Protein chains: 8
Amino acid sequence: MGDAGEGREIVLDGTRGARTGIPEIVYGPGKTPTQVRDAVVGLIEAGVAPVIATRCSPAQIAAVTAAVPDARVDGPTVVARALAAAADGGGAAPGVTVVTAGTADQAVADEAVATLRAFGLRVERVSDVGVAGIHRLLDRADDLRRADALIVVAGMEGALPTAVAGLVDTPLVAVPTSAGYGSSFEGITALAAMTASCAPGVSVVGVDNGVGAACAVVRWLRVRP
Amino acid sequence: MGDAGEGREIVLDGTRGARTGIPEIVYGPGKTPTQVRDAVVGLIEAGVAPVIATRCSPAQIAAVTAAVPDARVDGPTVVARALAAAADGGGAAPGVTVVTAGTADQAVADEAVATLRAFGLRVERVSDVGVAGIHRLLDRADDLRRADALIVVAGMEGALPTAVAGLVDTPLVAVPTSAGYGSSFEGITALAAMTASCAPGVSVVGVDNGVGAACAVVRWLRVRP
Amino acid sequence: MGDAGEGREIVLDGTRGARTGIPEIVYGPGKTPTQVRDAVVGLIEAGVAPVIATRCSPAQIAAVTAAVPDARVDGPTVVARALAAAADGGGAAPGVTVVTAGTADQAVADEAVATLRAFGLRVERVSDVGVAGIHRLLDRADDLRRADALIVVAGMEGALPTAVAGLVDTPLVAVPTSAGYGSSFEGITALAAMTASCAPGVSVVGVDNGVGAACAVVRWLRVRP
Amino acid sequence: MGDAGEGREIVLDGTRGARTGIPEIVYGPGKTPTQVRDAVVGLIEAGVAPVIATRCSPAQIAAVTAAVPDARVDGPTVVARALAAAADGGGAAPGVTVVTAGTADQAVADEAVATLRAFGLRVERVSDVGVAGIHRLLDRADDLRRADALIVVAGMEGALPTAVAGLVDTPLVAVPTSAGYGSSFEGITALAAMTASCAPGVSVVGVDNGVGAACAVVRWLRVRP
Amino acid sequence: MGDAGEGREIVLDGTRGARTGIPEIVYGPGKTPTQVRDAVVGLIEAGVAPVIATRCSPAQIAAVTAAVPDARVDGPTVVARALAAAADGGGAAPGVTVVTAGTADQAVADEAVATLRAFGLRVERVSDVGVAGIHRLLDRADDLRRADALIVVAGMEGALPTAVAGLVDTPLVAVPTSAGYGSSFEGITALAAMTASCAPGVSVVGVDNGVGAACAVVRWLRVRP
Amino acid sequence: MGDAGEGREIVLDGTRGARTGIPEIVYGPGKTPTQVRDAVVGLIEAGVAPVIATRCSPAQIAAVTAAVPDARVDGPTVVARALAAAADGGGAAPGVTVVTAGTADQAVADEAVATLRAFGLRVERVSDVGVAGIHRLLDRADDLRRADALIVVAGMEGALPTAVAGLVDTPLVAVPTSAGYGSSFEGITALAAMTASCAPGVSVVGVDNGVGAACAVVRWLRVRP
Amino acid sequence: MGDAGEGREIVLDGTRGARTGIPEIVYGPGKTPTQVRDAVVGLIEAGVAPVIATRCSPAQIAAVTAAVPDARVDGPTVVARALAAAADGGGAAPGVTVVTAGTADQAVADEAVATLRAFGLRVERVSDVGVAGIHRLLDRADDLRRADALIVVAGMEGALPTAVAGLVDTPLVAVPTSAGYGSSFEGITALAAMTASCAPGVSVVGVDNGVGAACAVVRWLRVRP
Amino acid sequence: MGDAGEGREIVLDGTRGARTGIPEIVYGPGKTPTQVRDAVVGLIEAGVAPVIATRCSPAQIAAVTAAVPDARVDGPTVVARALAAAADGGGAAPGVTVVTAGTADQAVADEAVATLRAFGLRVERVSDVGVAGIHRLLDRADDLRRADALIVVAGMEGALPTAVAGLVDTPLVAVPTSAGYGSSFEGITALAAMTASCAPGVSVVGVDNGVGAACAVVRWLRVRP
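The residue numbering used here restarts from 1 in each chain and proceeds along that chain's sequence as written. Ligands are numbered from 1 and chains lettered from A, in the order in which they are written. Per-residue local features are limited, in this predicted model, to residues with pLDDT of at least 70; the limit for side-chain atom pairs, both in listing and counting, is 80 or more; totals at the level of whole chains, interfaces and linings are taken over all residues. Note that the side-chain values use all heavy atoms of the structure and ignore hydrogens as well as water.

**Q** I'm lost on the packing of aromatic side chains in this one. Help?
**A** For any pair of aromatic rings, geometry is given as the distance between the ring centres together with the angle between the planes. Working definition: rings of Phe, Tyr and Trp (its six-membered ring) pair if their centres are within 6.5 Å, and the pair is stacked with planes under 30 degrees apart, edge-to-face with planes over 60 apart, and tilted otherwise. All told, the structure shown has four aromatic pairs over all chains when counted by the stated rule. Pairing A:Trp220 with F:Trp220 gives two aromatic rings, centres 5.2 Å apart and planes at 10 degrees, and the pair type is stacked. Linking A:Trp220 in helix α9 (residues 210-220) with F:Trp220 in helix α9 (residues 210-221), this pair reaches from one chain into another. Buried, partly exposed and exposed residues are distinguished by accessible area as a fraction of the type maximum, computed with a 1.4 Å probe on protein chains only: under 20%, between the cut-offs, and over 50%, respectively. For F:Trp220, a relative accessible area of 7% gives the class buried. Runs of E in the DSSP output that reach at least two residues are strands. Runs of H or I that reach at least four are helices, and both are numbered from the N terminus.

Right, dumping it as structure tokens:
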């Protein structure tokens, strides 16, 4: 066998958490189970917290949990060394509400929820409030107002963040998903719609990027270990 | 001068109205003022009604009105031989409400309105009810329910038809417009969003195609002279 | 195991049928068999009719039919509590003709047909009348004229709705499909072509969206239980 | 002034006609009037025939006609040294029919016509036979069958070549145009639709490329001076 | 089981061959083996010739050959009742040369070859003459000139038809393929490049559409049984 | 003249500020000078603050300033009734730093700055720190850390937000601009790049949407009059 | 007047030349004449060489030349403090040949030529060698082999770099241009084609980016003042 | 069985190495194991060096190594007759550093590395220096400066080549990869971003085209056996 891969190294960015508030996150696809495990263990040994790996396959999860038995597994997301509390004063940790338009958006929301909890944030969910039944959203307006921040997840026509941003003054991040019938075009439709929103103040992360939305919230709430 | 254009003819489709309920409509762009005038006059002489020309330049309008003094001009739309009433029973003509998300969608709505009136339909307008202020839409729900049909016009993220379709049971046609800030991409975003709508029962015409939406309504309401 | 999914709920929109004429429809992809079954049962228990689930996998269908033995299964579509008749006067239910360009468009047409029947509409089919053999379409013109509404389904170059709309005055909804050789680009070509139709009065739903087209017809015909 | 342009040369491909049957054609945009004139004169002096310049501005045309007084001007197309006859046997020159869907497609058709005539072909036109009024096309079927070849020009949904190819056995080239309302997307819709045609045997040139379609016909008919 | 598919019919277009010179062709994908077999048998019984089915799966091929033992199978293409000779005068049948840029384009070329032979045409092949080794193409120029028509198949940057069209005067049809490294984008790059060719006279069929290219040649050569 | 525009109304959303923290903003394009003026005056009379109009033409600005002499004009942005201070405790107003990659991004940044100041926020600018000269960015890291929030504006390859998000822990919103040479594709490249950022925590608004980015910051900082 | 633009600064990257071999280049569009002049003068005063400004309007050029009378102007490109010679040994400066497919590609080539000369490189041009007349390219093969590097500029189908890379072993950079008839799509077709080239070793810069191609050559030839 | 594939030939371009410095490379996908083996053996027998086959399946690799036991296998890349040394003077072979943004880009980098080594170049790797942790890149600046050339591989937002090009003066080729979360769109985002780079002198190969990047370096370094 050849050795084109020789000289390959994994260079962990151990100071990213101190620098940016968000430590390096391990992205599963394209890595071997051993690479994922080594990255997670390396970050733990470097004292990083929280340690998060996303989009892991069952084999990658097995490799990690064999080495890190108390890692928490939420679907394809693995978390170790979760922060205990992210309160910024002494009171309760900030609370984030993750809002979804439909059931097909739940997997993306789950990734956001697992990430938020890894950072010690309190999380609530408001589900199935797509704009085709706008009264369901209106009924939950007070819940949305109570949150410190919102993550709004929607596929198809991607209209939910616009409706939410026009209803309450809670800060929010929008996540387009690749869910949908018809002309969703793997999330491009929702991405374009959300960045063209007629409601000012909506900002958007990439398609299906639940972890990215959670990190944006962590930045804005200035969560610190 | 050469004569590549020799042999060019304008072949009017004089029986289209009888066949499809919607006579041939003259589309201004790419025609000389003389061509537009001749097409309009030709349709009038063939007994067609209504005779509609859209997207006409001032020079095209001048050419038409010089030849057809009683043509009605609405912005770039010219109408001759409008139907007097489209009532299908003996009662009042059906009423169509044209709904717009914002002021920038008005020009497209105007084209739809002029076309609907040419076919003898009653028209009302509900303006500025974009989903960023959803209460404005809710306040007008009874008006929307009273209509026989709706045309819903929106640019940007194109969410309004979805919200309307989830609110009332009035039949509707959606029109994406090229209006908008940010990532509207000349209406492609709204077109994709509307055809990906999570509210079943929304059908859509092309970008900025107000006349097409009006014609779809005319078909469904089975307007006849 | 973690619990990012905790707090997930399914919030059925039980009043959507009363509000919009079209009850909530269960979309299979992305849901577990249990979620599909619970949604269907929940809607039945809420008194909704008809109850429709689309794009269901065999496992989802098995879960539903175990709980709802008299549900009707048409390919991947499941229907319970179909409406008995949708006549709006006392006479026969309205009749809808579903027109397809080629055999590859049949699966999308089947979804439309199952949905129309769930709403108690009479359905006929006209198949294989693509514009490459235009005489086949002309031969069926009287059949098309007799219908109360048409659903026109086509992939590839998507020309059929334009030809139909220029031939008869029956109202229609067009459905682009992802079928096709060459440059069909998963239905985008047909979607663009149909929304750019030179025949005014054609409105369009998303790619492969048979259920959406049927719901648009239900809206326009103002079917009521 | 600097001299980045120094060393620029125009290298005419004087043998292209002998090699490929189609001499080099001068494309106006991006050239100065002097460059267009010099290219035309250079080709004439090299004995090339026909000499064709397309998409010329008025200033470019003026420069050419000042130097070549007997050049023939057809809109933005200029032709010198047109072939007298392209008969391949001794009989009449082959006849080509240029078919257009609507008036907005005429400018592209004119470019094709001027090019065909430059090669000595007989040309007829069939206009305004878009598929929204399919009977107009059927009425002209015998005319289409009589031609040695067809050029079929259409914008919007681009359905006309498919209908023609399903109607007659005359060879044809399709030309998408950038004309159109709604979702024509500058001709991309028609280009995609034509290359996805359900009628086998349709081949297509680029958007608005009338001269290219004419040259394809010249190749197939094996026109020779 | 339900019956949404009831009323489905297969309507063969038995007169298409007489009308257009090219009989209906059966497209495999999306059909059951029984549907493919019935369509082939139906066309044979209607006296159609040749009968061609493309892109057939092994199960579809097995179904057809069980019913039509002497059908000829070329990869996924099945042919019955091939024409014996397509000579247009009494001499030899016209000869078509199928040119490919690389080995990855061969499957598309095979589909073209099988179709051409079904119509009784003589076929030769020139392979591996991509423009990155232009001398290989130049070495075969005389072979290309001898043909009555060319089909030029290329993926990647799609440059080969342009080079061929600039080299010889033989008529040609270009076929973009989805083959390629880098930025081929499933054939869109080659399709765009071929329709933007700087060599006038190149016309193009859809991506991977070998059968369509062959049919275009059949039309131009006016093959008749 | 006709009256398709009759019945047009401008319905201001006077309670949007109270509801969402961000009052309705007047978007200039597509409105007459009178419409812009009336909208601005209407919002002022409704007690809204701040009142902002963006992308105004000189004629629109003239109409507004004639009616509202103390309106502040910043390029094409007009502001009336700016908030005096947005401090959320009693201390200084929060400070936002607007970061630009190059001079061509300045106009978008100006829109953001004018909007931030209208809400009473303190603004600083860091200019010309594109990643092609990364040391310029590193030199300003302390300035970036001192801010309460960042708006990062970049065109071309859109890499700056990623670099900033990896350098400091200050919350940020990214704005793609349509500036750029080469393959910027009117900002689509930067939009896609920013939403695909490898730095978690970057959220993005639409192309050139400076006002939207400012409003997102206002939401997150929970500015209140 | 307001002051959103206050605080704007121009931060020149004076050490970029020392760091990367290529000093900061001033890009005209989106800057005022004063900004362009100040940037050019600032770079001169900082001792940078060469100083290059691209895509300048006549007003920008006038502003620069008023302040820097000996600046050299080549179309829209302005150069000051050009390097005298870039020889890397003591012999002649390296020679670069700029190859163009057609006349419409000349403006992009001119930008490359002016930039190369600013760095003291010798430049030759080979023009009008598009692949539609491949013999013109073959005739110049020795000229191409003699060069130290090639810049190959082409629009339309963008095939020229592939042909050149298959013909000679001289290193090359390809530049797609937005020139072209048909389906060039503003250079996207050529960009995609060049990056999908079947000839290994072709690398590509952005659409119309002549200056970028020249800078790539400067890097590879390791030109130093 | 039919014989559409008859007449197929593999025409090796045995002189390409002498002509262009880079011999023909065998591309695995779309070929049978036998075809790959025959192509490799044929090139070896023609005296070509090096002989490289890329993207080979295990079956293709098995076929090659059975026939060529000493072929070197690096993942899906197979190399025979690698060059011993590519030194251009007598000293050491030039050294190329392959830089990757993240682990997901490694497979593309491996293809580049195996190709570079086949040509006898020395290779080093710098891994995991994505711009989200820019200090990791700065720490390696001296390593980058020491190289004779760089290949910079990145997916997602594709910013790394811009940062590298602004940091050091080493010549470089950029490779976009299809790796990434969010809105990477299979590498199109990175491709567009790299060709829109604000750092002049970056040239780019196609998506995931590691072998193409290596060949570009081989050309520029003028490696000769």
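**Q** Could you clarify how one ought to interpret the relation of the copies chain E and chain D in this entry?
**A** In summary, the two copies of the chain are related to each other by a rotation about an axis coupled with a shift along it. C-alpha atoms of residues with pLDDT of at least 70 in both copies form the basis for the least-squares superposition of the copies. Here chain E sits on chain D after a turn of 180 degrees about the axis and a move of 0.0 Å along it, with an RMSD of 0.0 Å. Between the two chains, the operation in question is that of a two-fold axis. Comparing interface residues between copies, 97% of those in chain E also sit at the interface in chain D, which points to an isologous, same-surface contact. Any pair of residues with heavy atoms lying within 4.5 Å of one another is described as a contacting pair.

**Q** Can you help me understand helix α2 (residues 33-45) of chain H in this one?
**A** Structural remark: α-helix, 3.6 residues per turn; residues separated by three or four positions point the same way. Residues and elements named next belong to chain H. Given the number of residues in a helix, its expected span is that number minus one, multiplied by 1.5 Å. With 13 residues, α2 extends 18 Å between its outermost C-alpha atoms, agreeing within 8% with the 18 Å of an ideal straight helix rising 1.5 Å per residue. Buried residues of α2: Gln 35, Val 36, Ala 39, Val 40, Gly 42 and Leu 43, and no others. Projected onto a plane normal to the axis of α2, the buried residues spread over an arc of 165 degrees and lie on a single side. Just downstream of α2, Gly 47 is the residue with a positive phi angle, here 80 degrees. As used here, the arc is the angular range of directions from the helix axis to the C-beta atoms.

**Q** Would you take a moment to explain the interface of chain E and chain D for this structure?
**A** Accessible area lost when the parts come together is the quantity often used to give the size of an interface. Listed by partner, the interface residues are 36 residues for chain E and 35 residues for chain D. Accessible surface is computed with a 1.4 Å probe, and the buried area is the amount of it that two parts give up when combined, taken over both parts together. Buried area between chain E and chain D, summed over both chains or domains, comes out near 3000 Å², and the portion from carbon and sulfur atoms is 52%. Broken down residue by residue, the surface that chain E buries against chain D is led by E:Asp169, E:Arg219 and E:Trp220, which jointly contribute 29%. When a carboxyl oxygen of Asp or Glu lies within 4 Å of a side-chain nitrogen of Lys or Arg, that pair is called a salt bridge. In this assembly, chain E and chain D are joined by zero salt bridges. Under this definition, polar contacts are N or O atom pairs within 3.5 Å; protein pairs additionally need one hydrogen-donor-capable and one acceptor-capable atom, and for neighbouring residues in sequence, both atoms have to be side-chain atoms. Remark: the boundary between chain E and chain D carries 16 residue pairs in polar contact (both at pLDDT 80 or more). Sort the elements by how many residues they give to the side of chain E that touches chain D and helix α9 (residues 210-221) of chain E lands first, with seven residues. Think of it as three bins: nonpolar holds Ala, Val, Leu, Ile, Met, Phe, Trp, Tyr, Cys and Pro, charged holds Asp, Glu, Lys and Arg, and polar takes everything else, Gly as well. Within the side of chain E that touches chain D, the residues separate by chemical class into 20 nonpolar, nine polar and seven charged.

**Q** How do you make sense of the pattern of salt bridges when you look at a structure like this?
**A** Side chains carrying opposite charge are able to pair once their charged atoms draw close together. In total, this model carries 72 salt bridges over all chains according to the counting rule given. For D:Arg125, the salt bridge is made with D:Asp110, and the minimal N-O distance between the two is 2.8 Å. Here D:Arg125 is found in strand β6 (residues 122-126), whereas its partner D:Asp110 is found in helix α4 (residues 106-118), with 15 residues between them in sequence. Taken as a pair, D:Arg125 and D:Asp110 share a single burial class, namely buried. Salt-bridge contacts for H:Asp38 lead to H:Arg37; the nearest nitrogen and oxygen are separated by 2.9 Å. Salt bridges here are not isolated pairs; linked through shared partners, they connect A:Asp13, A:Arg16 and A:Arg19.

**Q** Mind showing me how you'd approach the interface of chain H and chain A here?
**A** On the side of chain A, 29 residues touch chain H, which itself brings 25 residues to the contact. Contact with chain A buries surface across chain H, with H:Thr103, H:Arg136 and H:Tyr181 losing the most and accounting together for 29% of the total. At the junction of chain H and chain A, the tally comes to four residue pairs in polar contact (both at pLDDT 80 or more). Counting only elements with at least two residues in the side of chain H that touches chain A, the list comes to β3 (72-74), α4 (106-118), β6 (122-126) and α5 (134-139) of chain H. Sorting elements by how many residues they give to the side of chain H that touches chain A places α4(H) first, with six residues. Among the residues making up the side of chain H that touches chain A, the classes are represented as nine nonpolar, eight polar and eight charged.

**Q** How should the pairing of strand β4 (residues 77-80) of chain B be read in this particular structure?
**A** The two faces of a sheet get side chains in turn, since along a regular strand they alternate between them. Residue and element names in this part refer to chain B. Going residue by residue along β4, you find Thr 77 and Val 79 tucked away on one face and Val 78 and Ala 80 tucked away on the opposite face as well. Note on pairing: DSSP must find at least two bridges between two strands before they are called paired. Pairing of strand β2 (residues 51-54) with β4, which is carried by three bridges, proceeds in the antiparallel orientation. Residue Val 51 lies in a different strand from β4, and its bridge partner there is Ala 80. Pairing geometry for strand β3 (residues 72-74) and β4, over three bridges, is antiparallel. Each bridged residue has a counterpart across the sheet, and for Asp 74 the counterpart in β4 is Thr 77. The hairpin formed by β3 and β4 contains two residues between the paired strands, and Gly 75 there has a positive phi angle of roughly 60 degrees.

**Q** I keep staring at the arrangement of the chains and nothing clicks. Help me out?
**A** Regarding chain B and chain E, which are not in contact, the minimum distance between any of their C-alpha atoms is 19 Å. Over all C-alpha pairs, chain D and chain H never come within contact, reaching a minimum spacing of 19 Å.

**Q** What's the story with the packing of helix α4 (residues 106-118) of chain E against α9(E) in this structure? I'm lost.
**A** Packed helix pairs are specified by the crossing angle of their axes together with the interaxial distance, meaning the distance between the axes. Residue and element names in this part refer to chain E. Helix axes are fitted to C-alpha atoms over the stretch in contact, other axes to C-alpha atoms as well, and angles between N-to-C directions run from 0 to 180 degrees. The geometry of α4 relative to α9 is characterised by a closest axis approach of 7 Å and an angle of 40 degrees between their N-to-C directions. When the interaxial angle is binned, α4 and α9 end up oblique. Pair α4 / α9 crosses with right-handed handedness. Between α4 and α9, the residues in contact are Val 108, Glu 111, Ala 112, Thr 115 and Leu 116 and Gly 210, Val 211, Ala 214, Cys 215 and Val 217, respectively. The class makeup of the residues in the contact of α4 with α9 is seven nonpolar, two polar and one charged. Any angle from 65 to 115 degrees is called roughly perpendicular, while one under 35 is roughly parallel, one over 145 is roughly antiparallel, and all others are oblique. Should the near helix be turned anticlockwise from the far one by less than a right angle, the crossing is termed left-handed; should it be turned clockwise, right-handed.

**Q** For this particular structure, what's the right way to read the domain arrangement of chain A?
**A** Residues and elements named next belong to chain A. Domain limits in this description derive from either an automatic procedure or a database domain assignment. For chain A, the domain assignment lists domain 1 (16-80) and domain 2 (95-221). The C-alpha centroid of domain 2 is placed 25 Å from the C-alpha centroid of domain 1. Facing twelve residues of domain 1, the contacting portion of domain 2 comprises eleven residues. Contact with domain 2 buries surface across domain 1, with Ile 22, Pro 50 and Arg 55 losing the most and accounting together for 41% of the total. At the junction of domain 1 and domain 2, the tally comes to one salt bridge. Among the salt bridges present, the one from Arg 55 reaches Glu 111, with a minimum N-O distance of 3.1 Å. Of all the secondary structure elements, the ones that give two or more residues to the side of domain 1 that touches domain 2 are β2 (51-54) and β4 (77-80). Its residues assigned to classes, the side of domain 1 that touches domain 2 shows six nonpolar, four polar and two charged.

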